[in-house]
Amino acid sequence: MSAELAALLLQREIEEFLSREAELLDEQRFEDWLDLFTPDARYWMPMRRNVPRDELERERTREGLDASWFDEGKETLTRRVKQILTGVHWAEEPPSRTCHMVSNVRVTAASPAGPAPTEVTVTSRFLVYRNRVETETDLLVGKREDRLRRVDGAWRIARRMILLDQNVLLSKNLTVFF
């Protein structure tokens, strides 16, 4: 198999994985969604700041040093899902209706190089539409950088960095998953 064909097939495989993930979230199959994460996964969403053009390195909060919207592992994500599934979660009762759209998927690194990598770095853009009760509507737009790891022949999310394209959160809460 040529390197070009292998890259195309890998790209398609990753796109299919991310599309399936989005569908699980939209169908509120959160426990199945959790199964897509490795036990050592990290789910991190830094905050953004408005800074002058010559200080762009300060635009987002620093990993492990500053506050962030999320900085969680699989255990914390599992607790969040369990809380939502109790039916008494104030911000998700009744449940939000969501539509996750993922685009601009790019495999930016693969290890080991070649036709069957075991770990890839993937960037993508997302748009999450959320409607809650009668009148609450949110549009959350941004980009993600994922590290996906092949575990027992299937891709799993080992790390996700989510970067919203806004610095002020206009939603009443941030209970959706990205």
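Scroll up to find the structure.
Residues numbered from 1 in each chain as written. Predicted model: local features only at pLDDT ≥ 70, side-chain atom pairs only at ≥ 80, totals over all residues. Heavy atoms only, no water.

Caption draft 1: Just unusual backbone geometry, in detail. Going from Glu93 to Pro94, the amide bond is cis rather than trans, its omega being 0°. Examined against the element boundaries, Pro94 turns out to sit in the loop between α3 (74-85) and β3 (97-111). Cis geometry is adopted by the peptide bond preceding Pro112, which originates at Ser111 and carries an omega value of -10°. In this structure, Pro112 sits in the loop between β3 and β4 (119-132). Unlike most non-glycine residues, Gln28 shows phi in positive territory, near 60°. Here Gln28 is to be found in the loop between α1 (3-26) and α2 (30-34). Positive phi values are uncommon outside glycine, yet Val133 reaches one of about 45°. Among the structural elements, Val133 can be located in the loop between β4 and β5 (136-151). (Helix = DSSP H or I, 4+ residues; strand = E, 2+ residues; numbered from the N terminus.)

Caption draft 2: Representation of the pattern of salt bridges in the model. With the rule as written, the count across this model stands at 24 salt bridges. Here the salt bridges share partners, and the residues they tie into one network are Glu21, Arg144, Asp146 and Arg160. (Salt bridge = Lys/Arg side-chain N within 4 Å of Asp/Glu carboxyl O.)

Caption draft 3: Seen up close, the packing of aromatic side chains. In the structure shown here, the tally under the stated rule is eight aromatic pairs. Seen in terms of ring centroids, Trp33 and Phe37 are 4.8 Å apart; in terms of plane orientation they differ by 75°. Their pairing is edge-to-face. Classification of Trp33 by relative accessible area gives buried; the value is 0%. When its relative accessible area of 2% is taken as the criterion, Phe37 is described as buried. Aromatic side chains Phe70 and Phe178 sit 6.5 Å apart centroid to centroid with 55° between the ring planes, which places their arrangement in the tilted category. Of this pair, Phe70 sits in strand β2 (residues 68-73) while Phe178 sits in the segment after β6 (154-164), and the two are 108 residues apart along the sequence. Assigned by exposure class, Phe70 and Phe178 land together as buried. An aromatic cluster of at least three residues, connected via ring pairs, comprises Phe30, Trp33, Phe37, Tyr43, Phe70, Phe126, Phe177 and Phe178. (Phe/Tyr/Trp six-rings, centres within 6.5 Å; stacked < 30°, edge-to-face > 60°. Buried < 20%, exposed > 50% of the residue type's maximum accessible area, 1.4 Å probe, protein only.)

Caption draft 4: Representation of the nonpolar core. Counting residues in hydrophobic clusters, the biggest one holds 34 residues, and the most contacted among them are Ile14, Trp33, Tyr43, Leu140, Leu148, Phe177 and Phe178. Looking at this core, the elements that each hand over two or more residues are α1, α2, β1 (37-46), α3, β4, β5 and β6. Counting residues per element, this core draws most heavily on α1, at six residues. Once residues lying within four places of it in the same chain are set aside, the contact partners of Phe178 are Glu21, Leu25, Tyr43, Met45, Phe70, Phe126, Val128, Leu140, Arg144, Arg160, Ile162 and Leu164. (Core = buried A, V, L, I, M, F, W, Y, C linked by side-chain atoms within 4.5 Å. Contact = heavy atoms within 4.5 Å.)

Caption draft 5: Expanded view of the side chain of Arg132. Locating Arg132 in the fold gives a position in strand β4. For Arg132, the side chain forms a polar contact with the main-chain oxygen of Ala91, separated by 2.6 Å. In contact with Arg132, not counting residues within four places along its chain, are Trp90, Ala91, Glu92, Glu93, Pro94, Ser96 and Arg97. (Polar contact = N/O pair within 3.5 Å; in protein donor to acceptor, adjacent residues only side chain to side chain.)

Caption draft 6: Up close: the side chain of Lys74. Looking at where Lys74 falls in the secondary structure, it is placed in helix α3. Here Lys74 sits buried without a salt bridge, and the closest side chain of opposite charge, Asp35, lies 5.0 Å off (N-O distance). For Lys74, the side chain forms a polar contact with the main-chain oxygen of Leu34, separated by 3.3 Å. In this view, Lys74 contacts Leu34, Asp35, Phe37, Thr38, Pro39 and Ala41; residues no more than four positions away in its chain are not counted. (Lys, Arg positive; Asp, Glu negative; His and termini not counted.)

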